[in-house]
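Results of the structural survey
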Amino acid sequence: MEKILRINMGADGGPAIKDDPLGDYAGFGGRGLTSAIVAKEVPPLCHPLGEDNKLVIAPGLLSGSTAAMSGRISVGCKSPLTGGIKEANSGGQASQMLGRLGYAAIVLEGKPKGDTLYKIFINKDGVDIQEDNSLRMLGNYDTVEKMKTAYGEKISCISIGPAGEMKMSAASVAFTDMELRPTRHAGRGGVGAVMGSRGVKVIVIDDAGTKARSPQDADKFREANKAFVAGLRKNPTTGEGLPAYGTNVLTNVINEAGAYPTKNFQLGQFDGCEKISGETQAETENARGGEGSATHGCHRGCVIRCSGTYYDKDGHYLTKQPEYETVWAHGGNCGIDDLDAIAQIDRLDDDFGVDTIEMGATIAVAMEAGLAEFGDAEAAINMVKEVGKGSHLGRILGNGAAVTGKVFGVERVPVVKGQAMPAYDPRAVQGIGVTYATTTMGADHTAGYAVATNILGIGGSVDPLKPEGQVELSKNLQIATAAIDSTGMCVFIAFAILDQADTFQALLDLINSFAGASMTGDDVNDLGMKVLKIEREFNAEAGLTDKDDRLPDYFKKEPLPPHNVTFSVTDEELHQVHKY
Ligand code: SF4
């Protein structure tokens, strides 16, 4: 992966294509690369939808190789939602394909003058860009169908739905999975709006005629990969829990812990949780779609396989297995205990191209504002449909929880830096509260998943209800995650490498034998710190200060049942997170 594909969408005479060498960016991949490019090339004070912003799509350092779990992809830009730097991470097939084609990144820059929509086709022979206004306002599913007709079934697609075209701040970028369905999303931060503002509807990738990237030391690489996979398989979370029930295995666990944000973060437990749990979901999927429907990888080379397929009551494909975050966002957080309704909303979210976390949080805020009753699934479905239509209400909702709260005068709006909180209440999981507050990304659980140690007992044990130890925990996890996100590895490998020294060593061996390097654990830490530093500096120049590293006030004042706790990590302690 020696080259960067740059496409200037604003060039005179139409989009201009250029292959650039990696140059100064050598050694960066995934999130490290997207953040390095954005920090160096995007003016921090630019308008996120303006011509100076760039959308960077980067496979990880190991993507395109045969390393297990290495097919995640990063999408970076200045975020329309947070106003800071953004990296949104996704599965899907594009990462492996771009890696095999030799691209370290695609950079969409400039802004077309008119409102023409473009499609981009990339294969081993080069890049072709065509106008295609027939795609206007199509959902991601129809867009992919059209691409299949035009380019065959062996492609992968990166696309936006109507929300991206309407430049909504909740808009996602969709990636097709192994079945060529647009079910994997770089969801967070409005990255789809930035793609829409470049006038790009879809990027089609065909890696026919390419080979997997070769490691520097093939024998050591093979051995390391074997040990790494064995480590993932022997770990109870990555080897059993996630494959059997998917991420939704967390519903019962987090509810039990009293940390399941319910009805717009008013309560820590949801009465209807059993009906929407991972166990119920897996049972439903297996009964409707056949045994094994609940076990599926989101890209080639995933061995954990935490995903699955959701079928409707008649046994027809409806959507991919909704993730824990999605089930929570549209379920407990909206007081809804109907899995079929949640799956239907997941399908709409994927088709319109919106982040399921932001959308669920937004609907809950709208419910608190009185637009519908908590628990009213039909009203929730109709709200998402308004977003797809782009009605006035839909445009408000499609711009996320913060905008919706402001428009309807709601105080309880669970956002940090304008981005909605995911499925863990920070009062009952104080470590994740530190991550929400201080990550460069706005509220984001994946940036430093303190739930692992606070609730699951992985990587040690820190009392979730007390402030002690949370800053150190979140800091270390944020650093490690920034490094993992740069490799293209799925962040779920953390469950195994945090507790199993031999599996962490296998990961290092994998990286070193592939790249001909000699990285140590300390070097991995240094890489993570370097990425965070780049991101922090961008955010500071964009106008974000320590005062933006805070949770909304009500988390410090309103006790959360059943533990009746408030968030008690002090502002001074929060300031210590990024002292390294
Ligand atoms: S573990 Fe899950 S999220 Fe991670 S790569 Fe596999 S299917 Fe995708």
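Residues numbered from 1 in each chain as written. Predicted model: local features only at pLDDT ≥ 70, side-chain atom pairs only at ≥ 80, totals over all residues. Heavy atoms only, no water.

Examining the overall build of the protein chain
Of the regular secondary structure elements, the protein chain holds 23 helices and 16 strands. Across its three principal directions, the C-alpha atoms of the protein chain cover 60 × 55 × 55 Å. Contacts in the protein chain between residues at least 24 apart in sequence constitute 70% of all its contacts with a sequence separation of at least 6. Surface exposure of the protein chain reaches about 19,900 Å², of which carbon and sulfur atoms provide 49%. In the protein chain, the 56 positive side-chain charges and the 76 negative ones have mean positions that sit 4 Å from each other. (Helix = DSSP H or I, 4+ residues; strand = E, 2+ residues; numbered from the N terminus. Contact = heavy atoms within 4.5 Å. Areas by Shrake-Rupley, 256 points an atom, 1.4 Å probe, with all protein chains shown as cover. Lys, Arg positive; Asp, Glu negative; His and termini not counted. Charge placed at Lys NZ, Arg CZ, Asp CG, Glu CD.)

Observations regarding the packing of helix α18 (residues 470-487) against helix α21 (residues 521-541)
It is at 7 Å that the axes of α18 and α21 come closest, and there the two elements cross at 95°. Classed by the angle they form, the pair α18 and α21 counts as roughly perpendicular. Here Q478, I479, A482, A483 and S486 of α18 lie close against α21, whose contacting residues are V524, N525, L527, G528, M529, V531 and L532. Tallied by class, the residues present in the contact of α18 with α21 amount to 8 nonpolar, 4 polar and no charged. (Axes fitted to C-alpha atoms, helices over the stretch in contact; angles between N-to-C directions. Parallel < 35°, antiparallel > 145°, perpendicular 65-115°, else oblique. Nonpolar A, V, L, I, M, F, W, Y, C, P; charged D, E, K, R; others polar.)

Points about unusual backbone geometry
Note the cis peptide between P561 and P562, where omega equals 5°. Note on placement: P562 falls in the loop between α22 (554-557) and α23 (571-575). Its identity is not glycine, yet M137 carries a phi of approximately 60°, on the positive side. Within the secondary structure, M137 is located in the loop between β8 (126-131) and α3 (140-151). Positive phi, close to 55°, is recorded for N264, a residue that is not glycine. For N264, the location among the structural elements is in the loop between α8 (250-256) and α9 (278-289).

With respect to the pattern of salt bridges
All told, the structure shown has 37 salt bridges when counted by the stated rule. A salt bridge links R31 to D485, with the shortest nitrogen-to-oxygen separation between them at 3.2 Å. With R31 in helix α1 (residues 30-41) and D485 in helix α18, this pair connects stretches of sequence that are 454 residues apart. Judged by its relative accessible area of 2%, R31 falls in the buried class. Residue classification places D485 among the buried positions, given a relative accessible area of 7%. The shortest N-O distance in the salt bridge between D207 and R100 comes to 3.3 Å. Separated by 107 residues along the polypeptide, D207 in the loop between β12 (200-205) and α6 (218-234) and R100 in helix α2 (residues 94-100) bring together distant segments of the chain. Of the residues examined, R100 reaches a relative accessible area of 26% and is grouped as partly exposed. It is possible to trace a salt-bridge network through shared partners that takes in R6, K18, D20, E41, K54 and E109. (Salt bridge = Lys/Arg side-chain N within 4 Å of Asp/Glu carboxyl O. Buried < 20%, exposed > 50% of the residue type's maximum accessible area, 1.4 Å probe, protein only.)

Re the sheet that holds strand β1 (residues 3-8)
With respect to topology, 6 strands assemble into an open sheet ordered β2-β1-β6-β3-β4-β5, the strand pairing being mixed. Across the chains shown, the open sheet's two edge strands, defined by having one partner strand only, are β2 (16-21) and β5 (85-90). Neighbour to neighbour, the strand axes of the sheet diverge by 20° on average, direction disregarded. Pairing of strand β3 (residues 55-59) with strand β4 (residues 73-78), which is carried by 4 bridges, proceeds in the antiparallel orientation. For V56, the partnering residue across the bridge sits in β4 and is G76. Along the sheet, α1 contacts β1, β3, β4, β5 and β6 (103-109); its crossing angle with β4, the most-contacted strand, is approximately 20°. (Pairing = 2+ DSSP bridges.)

Here's the deal with the pairing of strand β7 (residues 118-123)
On a regular strand, each side chain points to the face opposite its neighbour's, so the side chains alternate between the two faces of the sheet. When you tally the buried positions in β7, you get 6 out of 6 residues, the bulk of the element. Burial along β7 is two-sided: the residues Y118, I120 and I122 and K119, F121 and N123 are all buried. Here 6 bridges tie β7 to β8, and the two strands are oriented antiparallel to one another. Pairing of Y118 across the sheet is with E131, part of β8. Following β7, the chain reverses through 2 residues before pairing antiparallel with β8. Direction of pairing for β7 relative to β12: parallel, over a ladder of 5 bridges.

Digging into the site of the ligand
Taken together, M69, R72, H296, G297, C298, H299, C302, I304, R305, C306, C490 and F492 form the complete shell of residues around the ligand. Here the residues of the shell around the ligand sort into 7 nonpolar, 3 polar and 2 charged. (Near = heavy atom within 4 Å.)

Quick word on the nonpolar core
Residues M69, F228, Y424, M489 and I493 are the most contacted members of the largest nonpolar core, which totals 96 residues. Setting aside residues up to four positions removed in sequence, F228 forms contacts with A68, M69, M489, I493, T503, A506, L507 and L510. Judged by nonpolar contacts, the second largest core, of 31 residues, contains L5, C77, L101 and I205. (Core = buried A, V, L, I, M, F, W, Y, C linked by side-chain atoms within 4.5 Å.)

Here we look at the side chain of K417
Residue position: K417 is located in the loop between β15 (415-416) and β16 (419-420). Note on K417: relative accessible area 12%, which makes it buried. A polar side-chain atom of K417 sits 3.1 Å from the main-chain carbonyl oxygen of A437. At 3.1 Å, the side chain of K417 forms a polar contact with the backbone oxygen of T439. (Polar contact = N/O pair within 3.5 Å; in protein donor to acceptor, adjacent residues only side chain to side chain.)

Overview of the packing of aromatic side chains
The tally for this structure, following the rule as stated, stands at 12 aromatic pairs. Relative to F270, the ring of Y260 lies with its centre 6.4 Å away and its plane at 15°, an arrangement referred to as stacked. Residue Y260 is found in the loop between α8 and α9, and its partner F270 is found in the loop between α8 and α9; the two are separated by 10 residues along the sequence. As far as burial versus exposure is concerned, Y260 and F270 are alike and both buried. Judged by centre distance (6.0 Å) and plane angle (25°), the ring pair of F492 and F495 falls under stacked. The exposure class of F495 is buried, given its relative accessible area of 8%. The rings of Y260, F270, Y324, Y424, Y449, F492 and F495 are connected pair by pair, giving a single aromatic cluster. For K3, the ring lying beneath its charged end belongs to Y103, and the centroid distance is 4.5 Å. When the ring centre of Y141 is taken as reference, the NZ or CZ atom of R347 above it lies at 3.6 Å. (Phe/Tyr/Trp six-rings, centres within 6.5 Å; stacked < 30°, edge-to-face > 60°. Lys NZ or Arg CZ within 6 Å of the ring centre and 35° of its normal.)

Notes on helix α12 (residues 356-368)
Here α12 contains 13 residues, and its C-alpha end-to-end distance of 18 Å stays within 8% of the 18 Å for a straight helix at 1.5 Å per residue. Most of α12 is tucked away, with 12 of its 13 residues classed as buried. What α12 keeps buried is the set T356, I357, E358, M359, G360, A361, T362, I363, A364, V365, A366 and M367. Considering only its buried residues, α12 is in contact with α10 (324-330), α11 (339-352), α13 (377-389), α14 (392-397), α15 (401-408) and β16. N-cap assignment for α12: the residue whose side-chain oxygen lies 3.2 Å from the backbone N of I357 is D355. Phi turns positive one or two residues past the end of α12, at G370, with a value near 100°. (Expected span 1.5 Å × (residues − 1).)

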